[in-house]
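The residues making up each chain are set out below.
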Amino acid sequence: MTVQQPNSFRTGPDERGHFGIYGGRFVAETLMPLILDLEKAYLQAKTDPKFQKEMDGHLATYVGRPSPLYFADRLTQHCGGAKIYFKREELNHTGAHKVNNVLGQIMLALRMGKTRIIAETGAGMHGVATATLCAKFGLPCIVYMGAVDVERQKPNVLRMKILGAEVRPVESGARTLKDAMNEALRDWVTNVSDTFYCIGTVAGPHPYPAMVRDFQSIIGRETREQMQVAEGRLPDSLIACIGGGSNAMGLFHPFLDERAIEIYGVEAAGHGLKSGKHAASIAGGKPGVLHGNRTYLLMDDDGQIEEAHSISAGLDYPGIGPEHAWLKDMGRVKFLSATDDEAVAAFQLCSKLEGIIPALEAAHALARVPEIAARKPKDHLMVVNLSGRGDKDLASVEAFVGSKGR
Amino acid sequence: MSTRIEKRFAVLKKEGRAALVTFTMAGDPDYETSLAIAKALPSAGADIIELGMPFTDPMADGPAIQAAGLRALKSGQRMTKTLAMVREFRKTDDETPIVLMGYYNPIYIYGNDRFLSDAKAAGVDGLIIVDLPPEEDEELCLPALKAGLNFIRLATPTTDDKRLPTVLTNTSGFVYYVSITGITGAAAPDTGKVMTAVARIKRHTKLPVAVGFGVKTAEHARAIAEGADGVVVGSALIDTLRQSLDKNGKPGPGAVNAVTKLVSVLAQGVRSARRVAAE
Ligand SMILES: Cc1ncc(COP(=O)(O)O)c(C=O)c1O
């Protein structure tokens, strides 16, 4: 199974938003003119030094960037192999990487003269980041959130409300992230003239996957510099969890063309890949079309989308960003998975060994670290994207552990 | 070479009236009932039949059509059964045009080429695929045209004069004007505005223009039929069908009649319209 690899992995998408066969713009006609406008506005902003400078300013003084690159000493000793570093995205304002992307999109919305912001959210971290920046910039904010997620991520619902956002629980379908995204798209189709849809991951119609990736790539760019300072060279491996794939893409993208660097994405295996109750669209899905793009999706043989299952609301999505789908086919990124049990164990291990309570999402990446690290020599440099902090997950973890009688 | 859709619009033009286009969901609430409804539609006054292909995630549809799709899926509807339903229908009706409407993924998974040849063989005349804009014409639109199926495109209030030619380029059969920016079943728009929009589209194309989204009553259908070449009614029929179901979602003996009764009323509305001189 050898694939012809491209000269560079960093040139995509093409002008129609395709990464190989993935991506594209599969949306209703009502949205098409808006998406074309957005693409134009984004391309202009991207090359406007003023936009970039203003964003850098907010990233420094409001978000708190750069986020540290931290040597996880005790976890390294515990694993007994590679030197493990954490990219501390959980230290960003609002507690996750999501804010990097939201800042960019809200600045773009203002530039386009939009006066109303909508977002979908799973774990609530993207919703909180959107509510936060809408507060900062004085914009009304409506967040669609599956009713199931409203229940299991209560602290974030409260945060959004305090920040002045309206949280609309979504009762359709499985009442999780996928359905929140459907509902946000329906809102957008209805309120086209004044509304900006702030998507929380590297999915959706072009230009979202590329735009969100660009805003998140600051993670990887900083990591390059910080690792140079810390170790005088680039890392040997990268690992991140995958919901839609934005924290992963942000870390990976600046390194894609250093082919010696091993790159791992970790999907949520829920109750186990064989159980049918998981959220691993690469491991258990196939290419299809949903939410504006072609990508790997969980579905039945009639093309009906299946519900994802994960203890982590932020990974509970039956798809994955189209660029990941392409990188998978190209063999550039290796996709692994971690079950609920494994993620919770990693959550506990990281908390006790490093004094850092990770988000359950990030705990999926951490779950695969020990076995990979153990196989590597002591001078192997490994970076784990610590995409968010776990305060929001304390109740879920307690309930999970309680139910297992541990 | 003309399709049943083209023939039907040509006949109606001679009669000087607009078409009543009905939308019902294949498999809602079950295969047999939805087939019985489809078979009863033409004599109740439907000129063109749109059959929904159910999908779990219909991102441009309101609660009524979402629920209809889920009812259909729950009762075991699949793409193969939707195509079988068209074949059954064709055994007794070789004239009423049938348009399949839905989302791309179930077709893509069925296999585009296989779908087009099976649909054509079953007696399908046209396709409306909500999430395939002209930017993705190579996916299914161009192969469909080649296979002899009409590819009917949606034009919306956001489709301005600059964009209309792009939308119309590979459109055939008719143009479906979505009268609101919004999802199916939402509030009806102001008829005056719709007429202006229809006239605008007609300046760009000779194709018939049908108007849908939000049409619920005979009066409303009549008003739209005065300027448009077709009136599409969907959510109202689906709501009527839903109301006829029992607590467990099972159809009672009156299910088919409930739908056809509303269709005849709407057909009277369409037929009583005084058409403004259509050019
Ligand atoms: C902390 C954290 N990490 C990861 C994710 C998953 O999203 P993505 O794969 O886009 O990074 C989420 C989503 O809510 C999150 O909150």
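Owing to the predicted nature of the structure, the values given are computational and were not obtained by experimental measurement. The numbers attached to residues start from 1 for each chain and follow its sequence in the written order. By the order in which they are written, chains take letters starting at A while ligands take numbers starting at 1. With pLDDT at 70 or above as the cut-off, local features in this predicted model cover only qualifying residues; side-chain atom pairs require 80 or more to be listed or tallied, and sums for whole chains, interfaces and linings still use all residues. Side-chain figures throughout are based on the complete set of non-hydrogen atoms in the structure, without hydrogens or water.

Here's the deal with the nonpolar core
As a rule of thumb, nonpolar side chains are buried together in soluble globular proteins.
Item 1. By size, the foremost hydrophobic cluster in this structure holds 124 residues, and its most contacted members are Trp-188, Tyr-197 and Phe-252 of chain A together with Tyr-176 of chain B.
Item 2. When residues are assigned to domains, this core turns out to be shared by domain 1 (19-24 + 31-59 + 98-212) and domain 2 (66-95 + 217-404) of chain A, each giving three or more.
Item 3. When neighbours within four sequence positions are excluded, Phe-252 of chain A is seen to be in contact with Leu-238, Ile-239, Ala-240, Ile-263, Tyr-264, Gly-265, His-324 and Val-333 of chain A.
Item 4. Only buried Ala, Val, Leu, Ile, Met, Phe, Trp, Tyr and Cys residues count toward a nonpolar core, and they belong to the same one when joined by side-chain atoms within 4.5 Å. Whether a residue is buried, partly exposed or exposed follows from its accessible area with a 1.4 Å probe, protein chains only, as a fraction of its type maximum: under 20%, in between, or over 50%, in that order. Membership of the second largest hydrophobic core comes to 70 residues, among which are Leu-35, Phe-89, Leu-164 and Leu-168 of chain B. Note that the domain bounds reflect an automated or database-derived domain assignment. Residue contacts follow a heavy-atom distance rule, with two residues in contact if any of their heavy atoms lie within 4.5 Å.

Things to note about the site of the ligand
All names here are of chain A.
Item 1. Close to the ligand lie 18 residues; Thr-201, Gly-243, Gly-245, Ser-246 and Ser-387 are nearest.
Item 2. Counting of polar contacts relies on pairs of N or O atoms within 3.5 Å, with two restrictions inside protein: one atom must be capable of donating a hydrogen and the other of accepting it, and residues adjacent in sequence are counted only when both atoms are side-chain atoms. Gly-243 places a polar main-chain atom, nitrogen or oxygen, 2.7 Å from an oxygen atom of the ligand.
Item 3. Note on areas: Shrake-Rupley with a 1.4 Å probe; residue coverage comes only from the protein chains shown. Against a free-state accessible area of 390 Å², the protein chains account for coverage of 98% of the ligand.
Item 4. Using only the protein atoms, space was sampled on a 1 Å grid; points where a 1.4 Å probe fits but cannot get out form cavities, open sets with protein on both sides within 12 Å along at least five of seven lines form pockets, and lining residues are those with an atom within 4 Å of a point. Any molecule with more than half of its atoms within 2 Å of a cavity's or pocket's grid points is regarded as sitting in that cavity or pocket. Taking a 2 Å distance to the grid points as the criterion, the majority of the atoms of the ligand fall inside the largest cavity.
Item 5. Each residue receives one of three labels: charged for Asp, Glu, Lys and Arg, nonpolar for Ala, Val, Leu, Ile, Met, Phe, Trp, Tyr, Cys and Pro, and polar for the others, Gly being one of them. The residue makeup of the shell around the ligand, split by class, is six nonpolar, ten polar and two charged.
Item 6. Mapped onto the domain boundaries, the shell around the ligand takes at least three residues apiece from domain 1 (19-24 + 31-59 + 98-212) and domain 2 (66-95 + 217-404). In this text, near means that some heavy atom of the residue lies within 4 Å of the molecule or strand in question.

Let's talk about the sheet that holds strand 7 (residues 166-170) of chain A
Residue and element names in this part refer to chain A.
Item 1. Two strands pair under a simple rule: DSSP has to find at least two bridges between them. Secondary structure elements follow DSSP: runs of H or I of four or more residues count as helices, runs of E of two or more count as strands, with numbering from the N terminus. Pairing within the open sheet is parallel, and its four strands lie in the order 7-6-5-8. Among the strands making up the open sheet, the edge pair consists of strand 7 and strand 8 (195-197). Adjacent strand axes in the sheet meet at a mean angle of 25 degrees when their direction is disregarded.
Item 2. The pairing of strand 5 (residues 116-121) with strand 6 (residues 141-146) spans five bridges and is parallel. Paired with Glu-120 across the bridge in strand 6 is Tyr-144.
Item 3. Axes, fitted as lines to C-alpha atoms, cover a helix only where it is in contact. Angles between the N-to-C directions of the axes lie from 0 to 180 degrees. Packing against the sheet, helix 4 (residues 98-111) makes contact with strand 5 and strand 8, and its axis sits at approximately 155 degrees to strand 8.

Some words on the environment of Ala-165 of chain A
Residue and element names in this part refer to chain A.
Item 1. Within the secondary structure, Ala-165 sits in the loop between helix 7 (154-162) and strand 7.
Item 2. Residue Ala-165 is classed as buried on the basis of its relative accessible area, which comes to 9%.
Item 3. For Ala-165 and Ile-142, which are 23 residues apart along the polypeptide, the C-alpha to C-alpha distance reads 5.8 Å.
Item 4. Discounting residues that sit within four places of it in the chain, Ala-165 has contacts with Ala-131, Cys-141, Val-143 and Met-160.

Remarks on empty space enclosed by the protein
Rolled over the atoms, a probe sized like a water molecule indicates the empty space that remains.
Item 1. Grid points are joined across faces, edges and corners, and a volume is the space filled by probe spheres set on the points. In this structure the tally under the stated criterion is nine cavities of 30 Å³ or more.
Item 2. Its boundaries defined by the atoms lining it, the largest cavity holds a volume of some 310 Å³.
Item 3. If you go around the largest cavity, you meet 28 residues; those closest to its centre are His-97, Lys-98, Gly-200, Gly-314 and Glu-361 of chain A.
Item 4. Of all the elements in the fold, those that place two or more residues in the lining of the largest cavity are strand 5, helix 5 (125-137), helix 8 (177-190) and helix 11 (246-252) of chain A.
Item 5. Here the residues of the lining of the largest cavity sort into nine nonpolar, 15 polar and four charged.
Item 6. Residue assignment places the lining of the largest cavity across two domains, with domain 1 (19-24 + 31-59 + 98-212) and domain 2 (66-95 + 217-404) of chain A each supplying three or more.
Item 7. Counted as a void, the second largest cavity has a volume near 140 Å³.
Item 8. Along its surface, the second largest cavity is lined by 17 residues, and Tyr-176, Thr-184, Phe-213, Gly-234 and Ser-235 of chain B are the ones closest to its centre.
Item 9. At the level of secondary structure, the elements contributing two or more residues to the lining of the second largest cavity comprise strand 9 (230-233) and helix 11 (235-243) of chain B.
Item 10. Across the lining of the second largest cavity, the residue classes tally to nine nonpolar, five polar and three charged.

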